[in-house]
Structures are given as C-alpha cells and as structure tokens.
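So you can see what is in the structure, the chains are spelled out below.
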Amino acid sequence: MGNAPRFSRVLLKLSGEALAGSKGHGIDSEILSTMAHEIASVLKSGVQVALVIGGGNLVRGISASAGGMNRAAGDAMGMLGTVMNGIAMQDALDKEGVNSVVMSAIRMEPVCEFFDRRKAMSLLNSGSVVIFSAGTGNPFFTTDSAAALRAIETECDVIMKATKVDGIYSADPMKDPTATRFESISYSEVLQKGLQVMDTAAVALCMEQKMPILVFQMIKGNLTKATTEGTLGTLVHC
C-alpha cells in the first residue's frame, strides 16, 4: 500500500502552455490525456481535486496588449481561452470515468456553469473535479490570482502549482547552472527575492490567508507523489 495522502483537498494550477507541449500552441491530446489520468489517480487515493488552467496556449492578454490591443480586450480573450482548456480537460476526464464540472467566472451557460462557491464545495465533497475557468472574471488579474482566490474560497489545503522544473530556484535553472533549489521558503522571501512562483498579487493573497503553495514538476507520477511525499517540490508557507 502507498503512503496516506498529505492533503484532503487540493487546487491544481496548470499553465495553458503545459497543454501545448512541444508544439507551443494549441492542445496536445496526449498530454491532456496523461494529465487527466494523473488526476484520476489522485482522486482514487481519496484526495479531492479542484483545477485552474491558464490560457496561454491559446491567447495571452499581456501578449495581445503588447501588440497594440486594448489590455482589457486581450484579457477577455484570455479568459475565454481558459474556458476552452477547461472544456478540453473535462472531456479528457470523461474518458477516465471521472465526473467533472466546468465553472466560469463569467456567465456563459449552457457551455459551462456559472461559479457558485457552495455548489463547488458540494461537488468536491462528492468526488467530482471542479474546473474553475475565466480567471476571476476581471481584466488585469492572472489565473495565478484566480487559483489563489478559488483555493481559499473552497477551503483547499494547498495550491499545487505544476511547472517545468522540480521546485523553486534562486534563479532560472534553465539559464543559470549555479541556481539552487529551495526545499521550503516563506511567502515574504518569495516576494523580497522577486522569485517567479506566482504573480505578486496571488502570493500576497496566499500569505494573508495562510494558503500553502507547493511548486513541483509535472511529469508522469509526480502529481500522486506530491500528495503523499513531503520531499517533492518546494513548499511556500508562513
């Protein structure tokens, strides 16, 4: 038998770029299927899972505004991108036999449901995956901020942020071979050092509400390990 889960309810934060894989744009069906399988495995261990997926594989508001588009308009497009990714993940979870519900911060029934905190918590308690989309429903707020907000609202134990590297480093390990990995770090250190964990607003909100952030590498098997092993990734806490 494996180790008992460390958490009862988690919010998994995935980047939209992660869904694109090596293609860099769009959705890689194989990666989507692998992620859905990982989530299904975690559910079987008794851990409740909420999910926030970015939309950078389809459109990024900041990038659009850099090209001359109004930032609010670009962010609106980005929010719609997260809904598209949410629906794609819902379909992949369906194939795993996992019930899931996409909730949007912007009304767009019948495509998906409008966010309702109490209903979301009821769904999580029943074993369904709740996919929160459309960010916070407001421009100028990232999906990092949405993840922090939804995790706090639905009383999750931790935000699990999946990245390309195995934790938080003193510098970008892809560019600086001397960068060192932190096993754990405080919110204030993250902000003071300007480390790219989540955006400043998201980290500040987590610090205020004492919501831990676990940063780990999203490779096969790691999501399950991250819910049971205390040595995987980097934990941001008080």
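Residues numbered from 1 in each chain as written. Predicted model: local features only at pLDDT ≥ 70, side-chain atom pairs only at ≥ 80, totals over all residues. Heavy atoms only, no water.

Caption draft 1: Just the overall build of the protein chain, in detail. A tally of regular secondary structure across the protein chain gives nine helices and 11 strands. Computed over its C-alpha atoms, the radius of gyration of the protein chain comes to 17 Å, within 12% of the 18 Å expected for a compact globule of 238 residues. In terms of overall dimensions, the protein chain has C-alpha extents of about 50 × 45 × 35 Å along its principal axes. Counting only residues that meet the buried cut, the protein chain has 49% of its 238 residues in that class. (Helix = DSSP H or I, 4+ residues; strand = E, 2+ residues; numbered from the N terminus. Rg over C-alpha atoms; globule rule 2.2 N^0.38 Å. Buried < 20%, exposed > 50% of the residue type's maximum accessible area, 1.4 Å probe, protein only.)

Caption draft 2: Expanded view of the pairing of strand S1 (residues 9-14). Across the six residues of S1, six count as buried, placing the element largely inside the fold. The side-chain alternation of S1 yields two buried faces, one formed by Arg9, Leu11 and Lys13 and the other by Val10, Leu12 and Leu14. Sheet analysis places S1 next to strand S2 (residues 48-53), joined by six bridges and oriented parallel. By the bridge assignment for S2, Leu11 is matched with Ala50. Of the pairings in the sheet, the one linking S1 to strand S6 (residues 158-163) comprises four bridges and is parallel in character. Bridging across to S6, Val10 finds its partner in Val158. (Pairing = 2+ DSSP bridges.)

Caption draft 3: Broad picture of the side chain of Thr136. Within the secondary structure, Thr136 is located in the loop between strand S5 (129-133) and helix H6 (143-153). The class for Thr136 is buried, based on a relative accessible area of 18%. The residues contacting Thr136, other than those within four sequence positions of it, are Ala105, Phe141, Ser145, Ala146 and Leu149. (Contact = heavy atoms within 4.5 Å.)

Caption draft 4: Structural view of the packing of aromatic side chains. Enumeration according to the criterion identifies one aromatic pair in this entry. Positioned above the aromatic ring of Phe114 is the side chain of Arg107, whose terminal nitrogen or guanidinium carbon lies 4.2 Å from the ring centre. Over the ring of Phe115 we find Arg150; its NZ or CZ atom is 3.7 Å from the centre of that ring. (Phe/Tyr/Trp six-rings, centres within 6.5 Å; stacked < 30°, edge-to-face > 60°. Lys NZ or Arg CZ within 6 Å of the ring centre and 35° of its normal.)

Caption draft 5: Geometry of the sheet that holds strand S11 (residues 234-237). Ordered in space as S4-S3-S5-S2-S1-S6-S10-S11-S9, the nine strands form an open sheet in which the pairing is mixed. Here the strands that pair on one side only, and so sit at the sheet edges, are strand S4 (113-114) and strand S9 (184-186). In this sheet, S11 lies alongside S9 in parallel orientation, the contact comprising three bridges. Counted as the bridge partner of Ile185 is Val236 from S11.

Caption draft 6: Structural detail: helix H4 (residues 71-95). Between its terminal C-alpha atoms H4 stretches 37 Å, which fits the 36 Å expected from 25 residues at 1.5 Å a residue. Structurally, the start of H4 carries an N-cap: the backbone nitrogen of Ala72 is 2.9 Å from a side-chain oxygen of Asn70. Once H4 finishes, Gly97 follows within two positions and takes phi at roughly 75°, a positive value. (Expected span 1.5 Å × (residues − 1). Polar contact = N/O pair within 3.5 Å; in protein donor to acceptor, adjacent residues only side chain to side chain.)

Caption draft 7: Region of the structure containing the side chain of Thr227. Inspection of the secondary structure puts Thr227 in helix H9 (residues 222-228). Overall, the relative accessible area of 1% leaves Thr227 in the buried class. A distance of 2.7 Å separates a polar atom in the side chain of Thr227 from the backbone oxygen of Thr224. Apart from the residues lying within four places of it in its own chain, the contact partners of Thr227 are Ala4, Pro5, Arg6, Phe7, Val42, Val47 and Met160.

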